[in-house]
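Report on the structure
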Amino acid sequence: MSIDLTGKVAIVTGAGGGLGRAHALLLGKRGAKVVVNDLGANVDGSGGSISAAAQVVAELKDMGCDAFANGASVTEFDQVEAMVAETVDRWGRVDILVNNAGILRDKSFMKMSIDDFKTVVDVHLMGAVHCTKAVWPIMREQNFGRIVMTTSSSGLYGNFGQANYGAAKMALVGLMQTLALEGERYNIRVNSLAPTAGTRMLEGLLPQEQLDLLTPEVVSPAMLALVTDDAPTRTVLCAGAGGVEQANITLTKGIFIGADDDAPEKLVANMSEISDRSNEIVPSSGAAQGALELKKAGYKPA
Ligand code: NAI
């Protein structure tokens, strides 16, 4: 079954280069009209020029796609609202939002300034919040929406020197978890993508023979699968070098320790059973996880 996005309108943030460019080109190739947003920032978030976004728009137009460039900074809600308003003025709807814009300010936590921490959280987390907030009422009204958060293995599993980045990236998974639930009845599906790609973000970090395999273009199919009519929701896909995996936040079966004075000792004595990963589940919500604990305590809902 081929994926056809004819008639769909997509916004890709940070699409002037790297992964965002590859996403924009694939969405266009599959028929979507594409807003190519990019501030044109350096890797650390400094500077700004819309020329990179304009270049990608030219590539899309060469392929016969409808596209326009937008230079909003995702950190500025008024600029993001204006971008979404322009999209609706031109094309009447917004079906797909790929929150991809990002920066790095890597340092060990010891050396990281509070400003480096806040700036990274602002671009990744608040940038995605702003864009998602601006399209949410439109997607609800349309009864259709597909949103991708760009998370990272740094958030899911940690990476040395990326405390700010990892925290921001994992926050996006938390945002996805709740928005997927709130969007369900409006056919808004929210997923996350943890890419690995040899973009300028990885410059100097990996040998060339690995970078040659890690092209942005081989990540974009995973993005596409998360925005189709049949897309899943609340799913985290990892993708790089043509490999794709699903990351889950699982829960062990656990035990009941009760509330007696010796509860801490019981817990410590049974740590291996608590951490036993056989029969792990993925709860359907935070409330569902809490309900499992009440059940262990013998509580039966009325
Ligand atoms: P990149 O640096 O080529 O692309 C990021 C783009 O975001 C740039 O074009 C930049 O101008 C734009 N941008 C930065 N701040 C912005 C703002 N305030 N408003 C609008 N645009 C802004 O890097 P890459 O690798 O393509 O990254 C894309 C996304 O993938 C990022 O969210 C990154 O954190 C994520 N990611 C990348 C990985 C990789 O292996 N390259 C690994 C895990 C996640």
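Up top you'll find the structure we're talking about.
Notes on the structure in this doc start here.

This brings us to the overall build of the chain. Assigned secondary structure in the chain consists of 11 helices and 8 strands. Over its C-alpha atoms the chain spans a radius of gyration of 21 Å, differing by no more than 12% from the 19 Å that the globule rule assigns to 302 residues. Along the first, second and third principal axes, the C-alpha atoms of the chain reach 70 × 45 × 40 Å. For the chain, contacts bridging at least 24 residues in sequence account for 66% of all contacts bridging at least 6.

The subject of this paragraph is the nonpolar core. In this structure, A10, V34 and V36 are the most contacted members of the largest nonpolar core, which totals 70 residues. By residue number, the principal contributor to this core is helix α4 (residues 114-142), which donates 10 residues. Those residues within four positions of V34 in sequence are excluded, and the remaining contacts are A10, V12, A24, L27, G28, L60, C65 and A67.

Neighbouring the ligand are 33 residues; G14, G18, A101, G102 and T199 lie closest to it. Every element with two or more residues in the shell around the ligand is listed here: α1 (18-29), α4 and β6 (188-196). Top contributing element to the shell around the ligand by residue count: α1, with 3 residues. Residue classes in the shell around the ligand are distributed as 13 nonpolar, 18 polar and 2 charged.

Let us look at the packing of α1 against helix α2 (residues 51-62). How two helices pack is summed up by the angle between their axes together with the distance between the axes. Put simply, α1 and α2 touch, their axes get as near as 10 Å, and they point 25 degrees apart. Accordingly, the angle class assigned to the pair α1 and α2 is roughly parallel. With respect to the hand of their crossing, α1 and α2 are arranged in right-handed fashion. Contact with α1, carried on its side by R21, A24, L25 and G28, involves V56, E59 and L60 of α2 and no other residues of that element. Per-class residue counts for the contact of α1 with α2 are 4 nonpolar, 1 polar and 2 charged.

What follows concerns the packing of helix α3 (residues 77-91) against α4. Running from amino to carboxyl end, α3 crosses α4 at an angle of 35 degrees, the nearest separation of the two axes being 9 Å. Between α3 and α4 lies a crossing whose hand is right-handed. Across the interface between the two elements, F77, V80, E81, V84 and V88 from α3 touch H130, C131, A134, V135 and I138 from α4. Broken down by class, the residue content of the contact of α3 with α4 amounts to 8 nonpolar, 1 polar and 1 charged.

Most of strand β2 (residues 33-37) sits out of view: 5 of its 5 residues are buried. Because side chains alternate across β2, one face comprises the buried residues K33, V35 and N37, and the other comprises V34 and V36, equally buried. By the bridge criterion, 4 bridges tie strand β1 (residues 9-12) to β2 in an arrangement that is parallel. Bridging from a neighbouring strand, I11 pairs with V35 of β2. Handedness of the crossover is the feature at issue here: the chain leaves β1, passes through α1, returns alongside β2, and the resulting connection is right-handed. In this fold, the crossover linking β2 to strand β3 (residues 67-70) by way of α2 has right-handed handedness.

The rules behind the values
- Residues numbered from 1 in each chain as written.
- Predicted model: local features only at pLDDT ≥ 70, side-chain atom pairs only at ≥ 80, totals over all residues.
- Helix = DSSP H or I, 4+ residues; strand = E, 2+ residues; numbered from the N terminus.
- Rg over C-alpha atoms; globule rule 2.2 N^0.38 Å.
- Contact = placed C-beta atoms within 7 Å.
- Core = buried A, V, L, I, M, F, W, Y, C linked by C-beta atoms within 7 Å.
- Buried ≥ 20, exposed ≤ 12 C-beta atoms within 10 Å, placed from the backbone.
- Near = placed C-beta within 6 Å.
- Nonpolar A, V, L, I, M, F, W, Y, C, P; charged D, E, K, R; others polar.
- Axes fitted to C-alpha atoms, helices over the stretch in contact; angles between N-to-C directions.
- Parallel < 35°, antiparallel > 145°, perpendicular 65-115°, else oblique.
- Left-handed = near helix turned anticlockwise from the far one by under 90°.
- Pairing = 2+ DSSP bridges.
- Right-handed = clockwise from strand over helix to strand, strands pointing away.

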